[in-house]
Amino acid sequence: MNHTDIAIEIGRLLRARHATVATAESCTGGYIAHRLTGVAGSSAYFLGSVVAYANAVKSGLLDVPEELIARVGAVSREVVEAMAAGACRRIGSDYAVATSGIAGPGGGTPEKPVGTVWMAVACPDGRCVSSCRHFGDLPRLDIIKAAADEALCLLKSQLP
């Protein structure tokens, strides 16, 4: 499936379910929302996005507890799951996809090297599905695009 086809397929699946989606993005900086809204007619299912680059925005707009970020870090399963759930709750969507990672070229640590990206999808039944990928030493924009592709695949996998 190519770059455009997955966004079209997600739109088709959401329309068939009369479901809506939102995004909560950190390291992808709105690129997932861009991909979803690049599809004609996406206003039927795409409600909105929060680009929560700063931890204060993750807490203030998406209800991610500051204590959680301090304890596990913004680039973690727990935080992206909280971001996705917060986007559903605050935006009012059925589904939400969230990302947080280190796109580089700086900012990595031995535990969380550049290219580490967590993503999560919150679902209508309250379930949250998450995944971590390491995209290695790719250039920054390539990490962002690869993370968006993976996040869209994760979202599609939750639309049976």
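Residues numbered from 1 in each chain as written. Predicted model: local features only at pLDDT ≥ 70, side-chain atom pairs only at ≥ 80, totals over all residues. Heavy atoms only, no water.

Chemist: Just checking my understanding: could you explain the overall build of the chain for this structure?
Modeler: Scanning the chain from N- to C-terminus turns up six helices and five strands. Starting at the N terminus, the α and β elements of the chain follow one another as α-β-α-β-α-α-α-β-β-β-α. Taking 160 residues into account, the globule formula puts the C-alpha radius of gyration at 15 Å, and the chain, at 14 Å, falls close to it. Along the first, second and third principal axes, the C-alpha atoms of the chain reach 45 × 30 × 20 Å. Counting over 160 residues, the chain shows a buried share of 51%. Taking the intrachain contacts of the chain between residues at least 6 apart in sequence as the baseline, contacts between residues at least 24 apart amount to 61%. As displayed, the chain offers around 7200 Å² of accessible surface, 55% of which is attributable to carbon and sulfur atoms. (Helix = DSSP H or I, 4+ residues; strand = E, 2+ residues; numbered from the N terminus. Rg over C-alpha atoms; globule rule 2.2 N^0.38 Å. Buried < 20%, exposed > 50% of the residue type's maximum accessible area, 1.4 Å probe, protein only. Contact = heavy atoms within 4.5 Å. Areas by Shrake-Rupley, 256 points an atom, 1.4 Å probe, with all protein chains shown as cover.)

Chemist: What's the story with the sheet that holds strand β3 (residues 95-101) in this structure? I'm lost.
Modeler: Either a parallel or an antiparallel arrangement is found when strands of a sheet pair, and the pairing is made through backbone hydrogen bonds. Read across the open sheet, the five strands follow the order β2-β1-β3-β4-β5; overall the sheet is mixed. Looking at which strands have only one partner, the edges of the open sheet turn out to be β2 (46-51) and β5 (128-134). Put simply, the sheet's adjacent strands are angled 15° from each other on average, direction ignored. Note that strand β1 (residues 21-25) and β3 share five bridges and pair parallel. Counterpart to E25 in the pairing with β3 is T99. Across the sheet, helix α3 (residues 55-62) lies against β1, β2 and β3, angled at about 140° from β2, the strand it touches most. Its contacts with the sheet place helix α6 (residues 140-157) against β1, β3, β4 (116-122) and β5, and it is angled at close to 30° to β4. (Pairing = 2+ DSSP bridges. Axes fitted to C-alpha atoms, helices over the stretch in contact; angles between N-to-C directions.)

Chemist: In this structure, what is going on with the nonpolar core? I would like to understand it.
Modeler: Among the nonpolar cores identified, the biggest contains 36 residues, and I10, L14, V21 and Y95 are the most heavily contacted of them. Of all elements in the fold, only α1 (3-17), α2 (31-37), β3, β4 and α6 reach the threshold of two or more residues within this core. By residue number, the principal contributor to this core is α6, which donates nine residues. Discounting residues that sit within four places of it in the chain, V21 has contacts with L14, L36, Y45, F46, L47, G48, S93, Y95, A96 and L155. Grouped together as the second largest cluster of nonpolar side chains are 19 residues, A52, L62, A74 and A98 included. (Core = buried A, V, L, I, M, F, W, Y, C linked by side-chain atoms within 4.5 Å.)

Chemist: Is there a simple way to think about helix α5 (residues 77-92) in this case?
Modeler: Side chains three or four residues apart in an α-helix point the same way, a direct result of the helix having 3.6 residues per turn. Look at α5: 22 Å from first C-alpha to last across 16 residues, which is about the 22 Å you get at 1.5 Å a residue. Among all positions of α5, only V79, V80, E81, A82, M83, A84, G86, A87 and C88 are buried. Where the residues of α5 are buried, they touch β1, α3, α4 (66-72), β3, β4 and β5. (Expected span 1.5 Å × (residues − 1).)

Chemist: Mind showing me how you'd approach the environment of L152 here?
Modeler: Mapped onto the elements, L152 comes out in helix α6. Separated by 116 residues in sequence, L152 and L36 have C-alpha atoms that sit 8.9 Å apart. In contact with L152, other than residues within four places in its own chain, are I6, I10, I32, R35 and L36.

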